[in-house]
Amino acid sequence: RALWLFAGYTRSQTSSLRNALRPRTMASRPSRASRASAPKYDDGQSNDGSEFEKESSSESEEEEEEEVIVESDDEPQKKRKSSSRKPAPKKARTEYTIEEHEKGSVNRPTENTITSTGAFNGEFAFALGTVCSVLCEKTNRWVTGHVIMFHRGGVTTKYAVKAVRVLFEKAQNGGKTHYQDCDVTTEKEADKRLVRLDLPKREVRLWTSGSPCMRACDLGHAAASKEKPLDPSRGFGASAEAAARAAQKKDFTYQGKGSEGLAKAEQEATKRLSSKPSQADVEACLKLLGDSWPTQERPNVTPDGKAVQGMCLGAVFVLGGVGMAVSQVSSAYPNLCKLITGWVKTSLPEDFPFSSLQINYNYAARKHVDGNNIGPSYIRSLGKHTGGELWTADAFVEATDEDTGEKYVKGGGGQQVLSCSGGWKLFNGNAEHYTKPYQGTRISFIAFSHNAYNKLSTRVASKLKELGFTAASDDGVDLPYFAKYRIDKSEFTPDENSKYFAYQKKRAVELPPPTKPNRISIECYGLTMARGGGWIGYCDASGKQTVHELTPNMTGFHVLELDVHATKGISLINAFVDRKRFDIYGKTDLEVDRFSSFVKKLPAGRVVAIAITDTAVAAKRPPSDKLYDALRLLGAPAQMEKIGYRFPFAFLGVKGGTGHLLMDKTKFLLRIDAALGANGVISDVTTEKTDVTAKVILASAGKK
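Everything numeric here is computed off the predicted structure, so don't read it as measured data.

Caption draft 1: Representation of the pairing of strand 6 (residues 177-183) in the model. Across six bridges, strand 5 (residues 161-172) lies against strand 6 in antiparallel orientation. Its bridge partner lying in strand 6, Val166 is registered against Gln180. In textbook terms, the turn of a hairpin is the stretch between consecutive antiparallel strands, and for strand 5 and strand 6 this stretch comprises four residues, one of which, Asn173, has a positive phi near 55°.

Caption draft 2: Fine view of the packing of helix 8 (residues 279-287) against helix 10 (residues 334-347). Running from N to C, helix 8 and helix 10 point in directions that differ by 145°, and their axes come no closer than 9 Å. Pair helix 8 / helix 10 crosses with left-handed handedness. In contact with Gln279, Asp281, Val282, Cys285 and Leu286 of helix 8, helix 10 contributes Leu336, Leu339, Ile340 and Trp343. Considering only residue class, the contact of helix 8 with helix 10 consists of seven nonpolar, one polar and one charged.

Caption draft 3: Quick look at the sheet that holds strand 29 (residues 660-663). Taken in spatial order, the five strands make up an open sheet running 26-25-27-28-29, and their pairing is antiparallel. Taken across any chain shown, the strands that pair with only one partner, and hence form the sheet edges, are strand 26 (569-576) and strand 29. Neighbour-to-neighbour, the strand axes of this sheet turn through a mean angle of 15°, independent of strand direction. Along the sheet face, helix 13 (residues 588-601) touches strand 25 (558-565), strand 26 and strand 27 (607-611) and points at about 5° away from the line of strand 25.

Caption draft 4: Geometry of unusual backbone geometry. A positive phi angle, near 55°, is found at Asn362, a position not held by glycine. Locating Asn362 in the fold gives a position in the loop between strand 11 (356-361) and strand 12 (376-382). At Asn679, a residue that is not glycine, the phi angle is positive and equals roughly 65°. When you line up the elements, Asn679 lands in the loop between strand 30 (668-677) and strand 31 (681-691). For Asn679, a relative accessible area of 66% translates into the label exposed.

Caption draft 5: Geometry of the pattern of salt bridges. A full pass over the atoms with the stated rule returns 27 salt bridges. Notably, a salt bridge pairs Asp673 with Arg671, separated by 3.0 Å at the nearest N-O pair. Of the two residues examined, Asp673 and Arg671, each falls in the buried class. Several salt bridges converge on common partners, so that one network encompasses Arg507, Glu523, Arg671, Asp673 and Glu688.

Caption draft 6: Up close: the sheet that holds strand 14 (residues 390-392). Strand order in the open sheet formed by three strands is 17-14-19, with antiparallel pairing between adjacent strands. Looking at the sheet topology across the chains shown, the edges are occupied by strand 17 (416-418) and strand 19 (433-435). When the angles between neighbouring strand axes are averaged without regard to direction, this sheet yields 20°. Relative to strand 17, strand 14 runs antiparallel, the two sharing three bridges. When the bridges of strand 17 are listed, Thr392 appears paired with Gln416.

Caption draft 7: Examining the nonpolar core more closely. Of all hydrophobic cores here, the largest spans 51 residues; its most connected members are Phe557, Phe595, Leu631, Ile643, Phe649 and Leu652. Among all residues touching Leu652, those that are not within four sequence positions of it are Ile520, Ile522, Val607, Val608, Ala609, Gly659, His660, Ile672, Ala674, Leu676 and Ile682. The next biggest cluster of nonpolar side chains, apart from the first, holds 50 residues, and it includes Val329, Ile443, Phe469 and Ala471.

Caption draft 8: Local environment of the packing of aromatic side chains. Considering all chains together, one arrives at 23 aromatic pairs under this definition. Seen in terms of ring centroids, Phe352 and Phe482 are 6.1 Å apart; in terms of plane orientation they differ by 80°. Their pairing is edge-to-face. With a gap of 130 residues between them, Phe352 in the loop between helix 10 and strand 11 and Phe482 in the loop between helix 11 (458-466) and helix 12 (494-510) connect regions that are remote in the sequence. Note on Phe352: relative accessible area 2%, which makes it buried. On the basis of relative accessible area, Phe482 is assigned to the buried category, the value being 0%. Where Phe557 meets Phe649, the ring centres are 5.3 Å apart and the plane angle is 10°; that geometry is what we call stacked.

Caption draft 9: The arrangement of helix 7 (residues 259-272) in detail. For helix 7, which comprises 14 residues, the first-to-last C-alpha distance of 20 Å matches the rise-based estimate of 20 Å (1.5 Å per residue) to within 8%. Buried within helix 7 we find Gly261, Leu262, Ala265, Glu266, Glu268 and Ala269. In this structure, the buried side of helix 7 is in contact with helix 8, strand 9 (308-318), helix 9 (328-332) and helix 10.

Caption draft 10: Representation of the confidence of the model for the chain within the structure. Overall, the predicted model of the chain reaches an average pLDDT of 84, with 84% of residues at or above 70. In the model, residues 19-44 has pLDDT below 50 throughout and makes 72 contacts with residues more than four positions away in sequence or in other chains.

Caption draft 11: Region of interest: helix 13. When the terminal C-alpha atoms of helix 13 are compared, their 20 Å separation across 14 residues agrees well with the 20 Å that a helix rising 1.5 Å per residue should span. Listing the buried residues of helix 13 in full gives Thr588, Glu591, Val592, Phe595, Ser596, Phe598 and Val599. Projected down its long axis, helix 13 shows its buried positions confined to an angular sector of 160°, all on one face. Set apart from the buried face of helix 13 by more than 90 degrees, the exposed residues are Asp589, Leu590, Lys600 and Lys601. In this structure, the buried residues of helix 13 make contact with strand 25, strand 26, strand 27 and helix 14 (625-633).

Caption draft 12: Broad picture of the packing of helix 7 against helix 10. It is the contact of helix 7 with helix 10, at a shortest axis distance of 7 Å, that shows an interaxial angle of 60°. Classed by the angle they form, the pair helix 7 and helix 10 counts as oblique. The two elements helix 7 and helix 10 cross, and the hand of that crossing is left-handed. The residues of helix 10 that touch helix 7, namely those facing Leu262, Ala265, Glu266, Ala269, Thr270 and Arg272, are Pro334, Asn335, Leu336 and Leu339. Along the lines of polarity and charge, the residues of the contact of helix 7 with helix 10 split into six nonpolar, two polar and two charged.

Caption draft 13: Highlighting the pairing of strand 25. Burial of strand 25 is extensive: six of the eight residues sit out of reach of the surface. The pairing of strand 25 with strand 27 spans five bridges and is antiparallel. Paired with Val559 across the strands is Ile610, a residue of strand 27. The pairing of strand 25 with strand 26 spans seven bridges and is classified as antiparallel. Across the sheet, the residue bridging to Leu562 is Leu572, located in strand 26. Hairpin connection from strand 25 to strand 26: three residues lie between these consecutive antiparallel strands.

Parameters and conventions
- Residues numbered from 1 in each chain as written.
- Predicted model: local features only at pLDDT ≥ 70, side-chain atom pairs only at ≥ 80, totals over all residues.
- Heavy atoms only, no water.
- Pairing = 2+ DSSP bridges.
- Helix = DSSP H or I, 4+ residues; strand = E, 2+ residues; numbered from the N terminus.
- Axes fitted to C-alpha atoms, helices over the stretch in contact; angles between N-to-C directions.
- Left-handed = near helix turned anticlockwise from the far one by under 90°.
- Contact = heavy atoms within 4.5 Å.
- Nonpolar A, V, L, I, M, F, W, Y, C, P; charged D, E, K, R; others polar.
- Buried < 20%, exposed > 50% of the residue type's maximum accessible area, 1.4 Å probe, protein only.
- Salt bridge = Lys/Arg side-chain N within 4 Å of Asp/Glu carboxyl O.
- Core = buried A, V, L, I, M, F, W, Y, C linked by side-chain atoms within 4.5 Å.
- Phe/Tyr/Trp six-rings, centres within 6.5 Å; stacked < 30°, edge-to-face > 60°.
- Expected span 1.5 Å × (residues − 1).
- pLDDT = per-residue confidence, 0-100.
- Arc of directions from axis to C-beta.
- Parallel < 35°, antiparallel > 145°, perpendicular 65-115°, else oblique.

Structure representation (structure tokens):
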């Protein structure tokens, strides 16, 4: 690419050349147009960057690639072959146009304006949605816009609003400038660049993640702030048109590879259906497929990225507006599906609810992480084979619920190899896992539940239950089994953020940073609550307070290295915060190495405080064991649960001593308070985990 740019090609021509020279080894791959018109499926386990596959079944969320055909870090690099295709002609660049009146005025507006009365409060005066005129710094003209976001101070200012972000109605500066941040700490500062207009408030448009849309030209693509309730007649991800077509469909056929064997297996299953199907029944039916099984595109889990043999029964996600649906094979061969689900239900060691069943034939999945799988999954393999165990990076361990006293399983067991040929084994689909090498014939079954198992249409939920699946509903309510594992990755709405900061303002008065000698406190929360935030505060021997206000929305670890002197008390040695932080999310391997090296070089007794203000780790790039080994050197538990994507995380440790760790689901506020003594002795420790959704958001709405 660099050579092409040097030769004078434009960036668009360079992209065309790259596509032209891309190997066309995907003979079965349809054209872009035909791909757009054909339904595509996602079984809830994909990890190829797009999250969706054609009748897919990858057990593996996160960043999406612009084009599916571009190689990613998760896929093996393919050799590029020369091509005779000529680069596409350069398209004429569409010039950004803006009407004269949309450029604003050189004069400060004086008509239809609102002036403040009484004591000035920036958060009240410029509430979200407020229409105002802004003096654009780029053009020096007054432009109309509306407030879409607050920038707040931290605990030391009791979370007062410092600035507001105003989205222009029309992008300025040649289409390059969509918004501007304006100081509202005082009325005098606000008056320099902002004038409120006497117009109705605008709706703050959000992306599906919950973050405000910051591009005026994309507002039409952003979702309405208030999420529409789930329509049981359509289900998750389905358009009205597609739902209507699906409701009218009567004929369910499958004509892909393996259809002949599946037809025979369906006939055999019809004969063998009983109240308690056996393993022998399942093996007899699947034997009729021979070596001709349906194929699936699973580049994220196969060693060579090629299509593999297997099928997904039950709930899948279908692109093209279809949404959650019953897989094609399940609908076409219902008795075979019933036979297999019947065997699964009676042979599982517990009453495990599942919406989907992935069946793999003769291939070993490479290391990956599940995406749209809630997490808990059961695996079992059949056939005459040796090897083929499942390696998992973090095995489940039994835990006790602090509120109810009930037993449940969670991560923290560390690496483990599970032999799944003799029976069902429970594993965490959201931790890295892969299949060990094997010899012989191996058919593996993975029972799991798709993230949207409870957001189905009534029609799909009924059909899945009829086929024997036990996790299928249209009410949006989680089954008790999965309530502990549901990871809510959505962000608070503007209204919920307002309630949260009202709570934080009160909390800053009642639970401020430490004021007593040799005390330390860590408080933090993740991205899903107001884009994240936190602080680390401490006092030296004289009681002098230091508070490190951490920048919100910054991934990775914010770290303080502290020394505790016998007479001087706590002193700062190093601050790896904000732009100096350990960004384990963005540069996983490099930053894990940097953090590990930092910890190893620490002298015994050195104290380390860690907080997050976004997410510590990525969903599909889990950090290596080096990170956890380093944390154990600081006193983390030997069986430490892996850090989850968007999970809040706080840690107070000492080199060679005992540390104190807090981690929970996404919408929790964490706090650690402790006294520090000479040589890093940590004492008088109190920890707090606040479920903000339950104790703040729902409580303020009067719900129980």
